[in-house]
Amino acid sequence: MKRGLLFVGAVALLGLIQSEPAAAEATKLRAAKQYGLGYVQYMIMEDQKLVEKHAKAAGLGDIAVEWNTFRSSDVMNDALISGNVDFVSLGVPGLMTIWDRTKGTVDVKGASGLNALPLALMVRDENINGLRDFNENHRIAVPAVKVSNQAILLQMAAEKEFGVGNHTKLDHLTVTMAHPDATIAMITGNKDITANFSSIPYQQRQAKTPGIRRLMTSTDILGAPFSFNIVATTSKFRTENPKLYKAFLDALKEATEIVSNNKQLAAETYLKISKDKMPIEEVLELLNDPEHEFTTKVTPIDTMIQFMARTGNFKNKPTSASELLFPEAQQ
């Protein structure tokens, strides 16, 4: 009799456990970008509410999506770790830094590529024809000193020019400045900014000003195009919100296809969301430039990763990009 009652009770308890709904996914998603045309897919996603569309198709109902713009990856990293954003757009240095800081805790990794765009070191001093021509009176603007894509690329270029162990030779000349502010400083000649390691469309805007020219690019330094931006999130968010995670990546893929197939719409959306006053003809010129690739594939980034592992102060030192990426980002 007792055994029968125990069996009935166990069955009833099992039924209650099985009938409990799975933990609900988040009802709000927060994404972060930086300044420039390199984030045009995000702007299309925002304007056309593509994340909301794919989330609803996945059965998640109405999802609120919040878009934020930050100066550089160091600021976004702090926001991601503190739980104030869910997806960020990082350069390789930013991704490697946050991967190292969060390994074994929230475990931040790359979920997708965003683009492969050349970054250019622009100069406005006619006497600067190489890195050896910079002096103590010069200042080089980068989005974030020592940690941004541009700052690491400058270190890699310095090591090539001055030899191993001299990668920080120009670091004391760098200053942190957002792309729009650096462009104004370059064009007007204010704030003693002699050079700016920039990105599109700011480097092209500077190049249209007499006296400003391109000294070198990321392709010159690395020998090949590289992923300017990689979309990243925490393993916690990916695990707890599988449908919403996939909805975001599906929305990104759709936006990337729009950039490839409808550049007019992409240009119009960029100007609408960014409030940039750039003529649409110039935006279309940038979108049609064969050097500018908007893709969810992560291009080879091992060279920069290995350089940073060798020269940086990292507790965890990856040997390849695969350690920093979720499986779906490696397809």
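Let us look at the structure shown here.

About the thresholds
Residues numbered from 1 in each chain as written. Predicted model: local features only at pLDDT ≥ 70, side-chain atom pairs only at ≥ 80, totals over all residues. Heavy atoms only, no water. Salt bridge = Lys/Arg side-chain N within 4 Å of Asp/Glu carboxyl O. Helix = DSSP H or I, 4+ residues; strand = E, 2+ residues; numbered from the N terminus. Phe/Tyr/Trp six-rings, centres within 6.5 Å; stacked < 30°, edge-to-face > 60°. Buried < 20%, exposed > 50% of the residue type's maximum accessible area, 1.4 Å probe, protein only. 1 Å grid on protein atoms, 1.4 Å probe; cavity = no way out; pocket = protein on both sides within 12 Å on 5 of 7 lines; lining within 4 Å. Points joined across faces, edges and corners; volume = space filled by probe spheres on them. Nonpolar A, V, L, I, M, F, W, Y, C, P; charged D, E, K, R; others polar. Polar contact = N/O pair within 3.5 Å; in protein donor to acceptor, adjacent residues only side chain to side chain. Contact = heavy atoms within 4.5 Å. Pairing = 2+ DSSP bridges. Axes fitted to C-alpha atoms, helices over the stretch in contact; angles between N-to-C directions.

What the rule picks out here adds up to 12 salt bridges. Taking the shortest distance from any N to any O, the salt bridge between Lys 272 and Asp 47 comes out at 2.7 Å. On the criterion of sequence distance, the pair formed by Lys 272 in helix H12 (residues 263-274) and Asp 47 in helix H2 (residues 40-47) is long-range, its members being 225 residues apart.

Quick look at the packing of aromatic side chains now. Evaluated as defined, the whole model comprises eight aromatic pairs. Look at Tyr 39 and Phe 228: their rings are 6.4 Å apart centre to centre, the planes differ by 55°, and that puts the pair in the tilted class. With a gap of 189 residues between them, Tyr 39 in the loop between strand E1 (28-33) and H2 and Phe 228 in the loop between helix H9 (218-222) and strand E10 (229-234) connect regions that are remote in the sequence. Classification of Phe 228 by relative accessible area gives buried; the value is 5%. Centroid distance Tyr 42 to Trp 67: 5.4 Å. Interplanar angle 55°. Geometry classified as tilted.

Evaluation of the coordinates by the stated rule reveals one cavity of 30 Å³ or more. The computed volume of the largest cavity comes to approximately 100 Å³. Residue lining of the largest cavity: 14 residues in total, with Gln 34, Gly 91, Ser 148, Asn 149 and Gln 150 positioned closest to the centre. Each residue belonging to the lining of the largest cavity can be placed in one class, and the counts come to four nonpolar, 10 polar and no charged.

It is worth spelling out the side chain of Gln 41 at this point. By the secondary structure assignment, Gln 41 is in helix H2. Overall, the relative accessible area of 0% leaves Gln 41 in the buried class. At a separation of 2.7 Å, a polar atom in the side chain of Gln 41 contacts the main-chain carbonyl oxygen of Leu 114. A distance of 3.3 Å separates the side chain of Gln 41 from the side chain of Thr 256, its partner in a polar contact. In this view, Gln 41 contacts Leu 114, Leu 252, Ala 255, Thr 256, Val 259, Phe 294 and Thr 295; residues no more than four positions away in its chain are not counted.

Let us look at the environment of Thr 311. The residue Thr 311 is located in helix H14 (residues 302-311) in this model. By relative accessible area, Thr 311 is classed as partly exposed at 23%. Placed 155 residues apart in sequence, Thr 311 and Met 156 show a C-alpha to C-alpha distance of 9.9 Å. A polar contact is formed between the side chain of Thr 311 and the backbone oxygen of Phe 307, at a distance of 2.9 Å.

Either a parallel or an antiparallel arrangement is found when strands of a sheet pair, and the pairing is made through backbone hydrogen bonds. Reading across the sheet, the five strands line up as E7-E6-E8-E5-E9 and stay open at both edges, with mixed pairing between neighbours. Each of the sheet's edge strands pairs with one partner strand only, and the pair in question is strand E7 (174-176) and strand E9 (213-217). Across the sheet, the axes of successive neighbouring strands diverge by a mean angle of 30°, strand direction being ignored. Relative to E9, strand E5 (residues 120-123) runs antiparallel, the two sharing four bridges. Residue pairing for E9: Val 123 is matched across the bridge by Arg 213. Each of E5, strand E6 (140-142), E7, strand E8 (195-198) and E9 touches helix H6 (residues 149-162); the most contacted strand, E8, lies at about 110° to it. Helix-sheet contacts for helix H7 (residues 179-188) involve E5, E6 and E8, and the interaxial angle to E8 is about 145°.

Strands sit in the order E3-E10-E4 across an open sheet of three strands; the sheet is antiparallel. Here the strands that pair on one side only, and so sit at the sheet edges, are strand E3 (88-90) and strand E4 (108-115). Direction aside, the axes of adjacent strands within the sheet are offset by 40° on average. Where E3 meets E10, three bridges bridge the pair, whose relative direction is antiparallel. Within E10, the position partnered with Val 88 by the bridge is Ala 232.

Everything listed here is a matter of coordinates, which is why it stays silent on function.
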